[in-house]
Amino acid sequence: MNSTPAIPHYILVDGSSYLYRAFHAMPPLTSSSGQPTGAVRGVINMLRKLCEEYSDSHVVVVFDAKGKTFRHDMFPDYKANRPSMPDELREQIEPIHKIVKAMGLPLIIVDGVEADDVIGTYAKQASDNQQHVLISTGDKDMAQLVNPYVRLMNTMSNEYLDEAGVLDKFGVPADRIIDYLALMGDKVDNIPGVNKCGPKTAVKWLTAYDSMTGVIEHADEVKGKVGEYLREATAWLPQSYDLATIRCELELDEPIETIQQAEPDNDELLALFTEYEFKSWIKELSDGGSNGAGASSAAVPTLPVETSYITMLDAAEFEAYVKTLEQHELIAFDTETTSLEVLDAELVGVSFSTKAGEGVYIPVAHDYLGAPPQIDRDVLVAVLKPLLENPDIKKVGQNLKYDRNVLLKYDIELQGIAFDTMVESYVLNATATRHDMNSLATHYLNHTCISFEDIAGKGKKQLTFNQIDLEVAGPYAAEDADICWRLHEHLWPQIEALQLESLFHDIEMPLVTVLADIEYGGVHIDGDLLLGQSAELKTTLSEIESKAYELAGEQFNLASPKQLADILFSEEKLQLPIVKKTKGGAPSTSEEVLQELALDYPLPKLLLNYRSLSKLKTTYTDKLPKMIHPTTQRVHTSYHQTVVATGRLSSTAPNLQNIPIKTDEGRRVRQAFVAQKGHKIVAADYSQIELRIMADLSKDEGLLEAFNNGEDIHKATAAEIFGVALGDVTTDMRRSAKAINFGLIYGMSAFGLAKQLGVGRHDAQEFMNVYFERYPGVKTYMNNVRAQAREDGFVETLFGRRLYLPDVMSSNNMRQQAALRAAINAPMQGTAADIIKRAMIQMHASLEQWNADHAEPTRMLMQVHDELVFDVPTTHLDEMSSMINEIMSSAADLSVPLVVDVGVGDNWDEAH
């Protein structure tokens, strides 16, 4: 149940729950001395928010004590499966305790018992006195404590649970939660339950037999394997029940009624914040504000209990409001439209915020039956144009690329795009959460936004925004601007603390406008050419099907894994060797399996070709002609700036990153990307950029020399590995060297390299050994990067982008090894992404200046991995090719030259 609880007399905080949740939710922040501080910041953030929202309640913080508890005496294997606390978390406990005490909050730690038992005892003491209690925790076990006076609150999800809420969430009432927990057991705490008994089974049994005792008494009635498991468990279930029971009768030194909050010790807080380098909190204290238990925090915004959201309908009031906006240095801004597709979207309204908790929505086009008169859209555009085009008034928004292009349709060019909360979150920690507003609000503000589906409905009957009643549309739109404002207040101090401002201001934010222009401009597509190719592919696929039926000896569905597995592996059919099985135990027909089988058998090879051509047809040749916009006669992709953790861009509708280049059919798709009349396509591609970055990062003398001498790096590597002169390197030697060069920067093992080269593992290991002997700097670099990843939990690009690797200390060896491989490649791939972004930003600025002086414009059409594609007037080909080469090759100052291959043609394939 999510209803807001009555004001509680006591707030009991499960500090140990806060500790672990903050540790895993926050980026691994450290002070300049190396002291981990991420969990400290997270725990204190949550406590400050809690104290602000419940300023009339008594807050008590309870932590687990060190060492074993009475449950270990009852059951020596209690919590035996839990991994030991990470050192970087253990180091943060004492700082948290110090700050909690300095905030004036009671800190309770009782030896020999868990925080749950202390909280349970205090909750009972209060409820016995008919005092309301709110327990702030993420622990489901606490649900057993809920009664008419005790509720739970999950600070991460903003969920409140009373008695009805417990029943709704778990399927059993609060007084049966212990039975429920005992039956299921707990793998984390190593409490044995009934094997294969999950939540549904536990609820089913308790509904039928009322209690765990009743379940045991009727164990013989439970059929099947789970019945056998139940009967096996009856001996230990009573002990499991006892272990899961929170003690509520402890004899504590301080009864709850004697516990009092103290005034914050601001001098001590200032000293602690200085020691752990919480700059925004230091500033707040230095400015005279209190940063104790009841403090508000500009750096760590929280959603107020009450918000002020206004829907503005009066034109005079609107014009007066805009004048107040013009007095602000920064405003939060958002548009509401009829569609997520920019070129089809019509403006329905705009919202603003300049303060946490406040939002104003100005509607212009709600046209449902009975809609009130609104501001005229033309009037709104005219009044807002000077404000939105003023570069001195900074704007913050969420995905401002979209809002910027919507406004272009109304002759407003949004200026002063200073902050985008989606990009701020991505720069801070690309992998901590998704970067849409709802996810960010939940993750960083512990707030659940009004969902669009709640006000618009779902599916085919979903309303567009102009059809939604202003009574619900207004708060939704105003909240968007408000949440954007407070997200910025929360995220920006953290970006500053990690010194990521340059990455944000110099690369990511300027790129927003660059990508917006590329998307809005689109690219010409020859739809007829693609439709012709589709027809040819259909014929080819039909021929492949016939050949496959002939090889299989019968007809079957080539797209069905089950039918395919039967053909390939069954004793009655081809009886091919089973390379790998699915999780369910069936023979796998994955791409990887077919590739291995294709080395020796014709049908798998045929199937791979079928899959490749079928995907090309459905994804590109069939679909691209339908994506040509009727107004612009171009295809407009969407670039995603905050998806790939390494900093690379991705694109959808269409996905330009995955059009094949190594096959004739894939290149024919690229032939459909054409220049406009009187122009040519110019494609500029970085040559071996990641290897060049490896040379720069590793400072290996051999690599540096090869690149600085302009040598063919694969040929040079082959000469080193095989011990021959450059002139004696064969094609096969170069091919092997290329596989090694690229394989190693992706952290490839000897096993992977052997598979790639088609040689034995021993031979592959020998190749690697010789490679590292010839290029010792590379090995040193790789070892250093792995060590840094283990120590810091992240690696960095040349330009300071942090790439977090949460699995680098995983107890799962496969996940840890994957993280260590990523640690080697991520700085190179991330640096390559940063370099081409810098080139795009410089090209965009140079083209704006160039086009202002020339009648026929040059346009940047696409970015695909390490390649930029342009539409250039034929009269300026030489000048523009030279400019592109110069800008791209100077986008970073490396120890080796950045080489750019520039090609020209009537279409993308010819230019590549």
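Here, the structure is the one placed above.
All values reported here derive from a predicted model rather than from experimental measurement. (Residues numbered from 1 in each chain as written. Predicted model: local features only at pLDDT ≥ 70, side-chain atom pairs only at ≥ 80, totals over all residues. Heavy atoms only, no water.)

Undergrad: Would you explain the sheet that holds strand S7 (residues 308-311) in this entry?
TA: Within a beta sheet, neighbouring strands are joined by backbone hydrogen bonds and run either parallel or antiparallel to one another. Judged by pairing direction, the sheet is mixed, and its 6 strands sit side by side in the order S7-S10-S9-S8-S11-S12 without closing on themselves. Looking along the sheet, the strands with just one partner apiece sit at the ends: S7 and strand S12 (417-420). Averaged over neighbouring strand pairs, the angle between their axes works out to 25° when direction is ignored. The sheet contact formed by strand S8 (residues 330-337) and strand S9 (residues 347-353) spans 6 bridges and is antiparallel. When the sheet's bridge partners are listed, Asp334 is paired in S9 with Ser351. On the sheet, helix H15 (residues 315-325) packs against S8, S9 and strand S10 (358-363) and is oriented at approximately 135° with respect to S10. (Pairing = 2+ DSSP bridges. Helix = DSSP H or I, 4+ residues; strand = E, 2+ residues; numbered from the N terminus. Axes fitted to C-alpha atoms, helices over the stretch in contact; angles between N-to-C directions. Contact = heavy atoms within 4.5 Å.)

Undergrad: Even after reading the chapter, I still don't get the side chain of Ser687, so can you show me in this structure?
TA: Within the fold, Ser687 resides in the loop between strand S15 (679-686) and helix H28 (689-698). Residue contacts for Ser687: discarding those within four places in its chain leaves Arg692, Val899 and Asp901.

Undergrad: Whenever I open this one, the packing of helix H23 (residues 527-552) against helix H26 (residues 602-621) confuses me. Can you help?
TA: A packed helix pair is summarised by two numbers, namely the angle formed by the two axes and the spacing between the axes. Between H23 and H26, whose axes approach to 10 Å, the crossing angle comes to 155°. With respect to each other, H23 and H26 are oriented roughly antiparallel. Viewed along their axes, H23 and H26 form a crossing whose handedness is left-handed. Split into classes, the residues belonging to the contact of H23 with H26 amount to 14 nonpolar, 6 polar and 4 charged. (Parallel < 35°, antiparallel > 145°, perpendicular 65-115°, else oblique. Left-handed = near helix turned anticlockwise from the far one by under 90°. Nonpolar A, V, L, I, M, F, W, Y, C, P; charged D, E, K, R; others polar.)

Undergrad: Mind showing me how you'd approach the packing of aromatic side chains here?
TA: Aromatic ring pairs are described here by two measures, namely the spacing of the ring centres and the angle between the planes. A full pass over the atoms with the stated rule returns 19 aromatic pairs. Taking 6.4 Å as the distance between ring centres and 20° as the angle between the ring planes, the aromatic pair formed by Phe452 and Phe465 counts as stacked. Here Phe465 lies in the loop between helix H20 (452-456) and helix H21 (470-497) and Phe452 lies in helix H20, a separation of 13 residues in the sequence. Among the aromatic side chains, those forming a connected cluster through ring pairs are Tyr361, Phe452, Phe465 and Tyr476. Looking at Arg48, its charged tip hangs above the ring of Trp281, at a distance of 4.6 Å from the centre. Over the ring of Phe170 we find Lys169, and its NZ or CZ is 5.9 Å from the ring centre. (Phe/Tyr/Trp six-rings, centres within 6.5 Å; stacked < 30°, edge-to-face > 60°. Lys NZ or Arg CZ within 6 Å of the ring centre and 35° of its normal.)

Undergrad: Help me out: how do you make sense of the nonpolar core in this one?
TA: Buried together is how nonpolar side chains tend to be arranged in soluble globular proteins. Counting residues in hydrophobic clusters, the biggest one holds 121 residues, and the most contacted among them are Phe673, Tyr686, Ile835, Met840, Met860, Met862 and Phe870. The greatest single-element share of this core, amounting to 15 residues, is contributed by helix H35 (residues 813-852). With near-sequence residues (within four places) excluded, Ile835 lies in contact with Tyr686, Ile689, Ile693, Phe799, Ala891, Ala892, Leu894 and Leu898. Among the nonpolar cores identified, the runner-up in size contains 63 residues, and Phe352, Leu380, Trp492 and Ile495 belong to it. (Core = buried A, V, L, I, M, F, W, Y, C linked by side-chain atoms within 4.5 Å. Buried < 20%, exposed > 50% of the residue type's maximum accessible area, 1.4 Å probe, protein only.)

The values are spatial; any link to function lies outside them.
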